[in-house]
Amino acid sequence: MPSNSPEQIRSILENIHTIALVGASEKTTRPSHEVMEFLQEQGYRVIPVNPRLAGQTLLGETVFPDLKSVPQRVDMADLFLAPERTDAVIDQAIELKIPVVWMQLGVINPSGAARAEDAGLTVVMDRCPKQDIPRLGITRKH
């Protein structure tokens, strides 16, 4: 069962530092771009993941083609993908033992969430940290 209670979300957002944002976009009007910028402003390190943009720089960070290519450990994979495209990414997160898989608003994959949870990962589904951070009054030190 995904961790969508306010207490669970607060704990996640207060304790993570590095986020791999899967489905990052260079288009400033896209929600993934806006969320990446917001999370950076909150003091998180956000590493963009998008095979189409791999090797480019987005908001000061190098873009990687997939989770396996990210050279440092990440605390959370934030998925901006169509639900039918999340299974492979969830499997990579399980393999890499990324502690949290966060599926954005409208990204719903119950079987993938169950697989990740069975592997010991925490899953948040159909939520947005850009909405949850102000709603929960979370402030981070930069």
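Residues numbered from 1 in each chain as written. Predicted model: local features only at pLDDT ≥ 70, side-chain atom pairs only at ≥ 80, totals over all residues. Heavy atoms only, no water.

Q: How do you make sense of the overall build of the chain when you look at a structure like this?
A: Per the secondary structure count, the chain includes five helices and seven strands. Here the chain has a C-alpha radius of gyration of 14 Å; the compact-globule value for 142 residues is 14 Å, and the two agree. Overall, the chain is about 35 × 35 × 25 Å in size when its C-alpha atoms are taken along their principal axes. Relative to its full complement of 142 residues, the chain shows a buried share of 48%. Taking the contacts inside the chain whose residues are at least 6 apart along the sequence as the reference set, 59% of them involve residues at least 24 apart. Carbon and sulfur atoms make up 51% of the accessible area of the chain, which totals about 6,900 Å². Where the 15 positive side-chain charges of the chain centre and where its 18 negative ones centre are 3 Å apart. (Helix = DSSP H or I, 4+ residues; strand = E, 2+ residues; numbered from the N terminus. Rg over C-alpha atoms; globule rule 2.2 N^0.38 Å. Buried < 20%, exposed > 50% of the residue type's maximum accessible area, 1.4 Å probe, protein only. Contact = heavy atoms within 4.5 Å. Areas by Shrake-Rupley, 256 points an atom, 1.4 Å probe, with all protein chains shown as cover. Lys, Arg positive; Asp, Glu negative; His and termini not counted. Charge placed at Lys NZ, Arg CZ, Asp CG, Glu CD.)

Q: What should I look at first to understand the nonpolar core in this one?
A: Nonpolar side chains tend to gather and get buried jointly when the protein is soluble and globular. Among the nonpolar cores identified, the biggest contains 25 residues, and Leu13, Leu39 and Tyr44 are the most heavily contacted of them. A per-element tally of this core places helix α2 (residues 31-41) first, with four residues. Not counting chain neighbours up to four residues away, the residues in contact with Leu13 comprise Tyr44, Trp102, Pro129, Asp132, Ile133, Ile138 and Arg140. Judged by nonpolar contacts, the second largest core, of 23 residues, contains Ala20, Leu67, Val70 and Ala113. (Core = buried A, V, L, I, M, F, W, Y, C linked by side-chain atoms within 4.5 Å.)

Q: What is the right way to read the pattern of salt bridges from this model?
A: Two side chains of opposite charge can pair, provided their charged atoms sit close to one another. Considering all chains together, one arrives at nine salt bridges under this definition. Residue Glu34 pairs with Lys130 through a salt bridge whose shortest N-O separation is 3.9 Å. Pair noted here: Glu34 is in helix α2 and Lys130 is in helix α5 (residues 129-135), with a separation of 96 residues, a long-range link. Notably, a salt bridge pairs Arg45 with Glu61, separated by 2.7 Å at the nearest N-O pair. (Salt bridge = Lys/Arg side-chain N within 4 Å of Asp/Glu carboxyl O.)

Q: It is not clear to me how the side chain of Asp132 should be interpreted in this structure. Could you clarify?
A: Residue position: Asp132 is located in helix α5. Of note is the side chain of Asp132, whose polar atom sits 2.6 Å from the side chain of Arg127. Discounting chain neighbours no more than four positions away, the residues touching Asp132 are Ile9, Leu13, Trp102 and Arg127. (Polar contact = N/O pair within 3.5 Å; in protein donor to acceptor, adjacent residues only side chain to side chain.)

Q: Honestly, the sheet that holds strand β2 (residues 45-49) in this entry has me stumped. Any pointers?
A: Sheet strands associate in pairs through backbone hydrogen bonding, adopting either a parallel or an antiparallel arrangement. On the basis of which strands lie adjacent, the open sheet formed by five strands has the order β2-β1-β5-β6-β7 and parallel pairing. Here the strands that pair on one side only, and so sit at the sheet edges, are β2 and β7 (122-124). Geometrically, the sheet is characterised by an average inter-axis angle of 20 degrees between neighbouring strands, direction not taken into account. (Pairing = 2+ DSSP bridges. Axes fitted to C-alpha atoms, helices over the stretch in contact; angles between N-to-C directions.)

Q: Can you help me understand the packing of helix α3 (residues 86-96) against helix α4 (residues 110-118) in this one?
A: Between two packed helices, both the angle of their axes relative to each other and the distance between the axes serve to describe the pair. At a closest axis distance of 10 Å, the pairing of α3 and α4 adopts a crossing angle of 5 degrees. When the interaxial angle is binned, α3 and α4 end up roughly parallel. On the side of α3, the interface is formed by Asp87, Ile90, Asp91 and Ile94, while α4 contributes Gly112, Ala113, Arg115 and Ala116. (Parallel < 35°, antiparallel > 145°, perpendicular 65-115°, else oblique.)

Q: What should I look at first to understand the environment of Ile98 in this one?
A: Inspection of the secondary structure puts Ile98 in the loop between α3 and β6 (100-103). As for Ile98 and Ile108, which are separated by 10 residues in sequence, their C-alpha atoms are 19 Å apart.

Q: Any chance you could explain the side chain of Asn109 here in plain terms?
A: With respect to the helices and strands, Asn109 occurs in the loop between β6 and α4. A polar contact is formed between the side chain of Asn109 and the backbone nitrogen of Gly112, at a distance of 2.7 Å. Those residues in contact with Asn109, other than ones at most four positions away along the chain, are Pro83, Thr86, Asp87, Ile90, Met103 and Met125.

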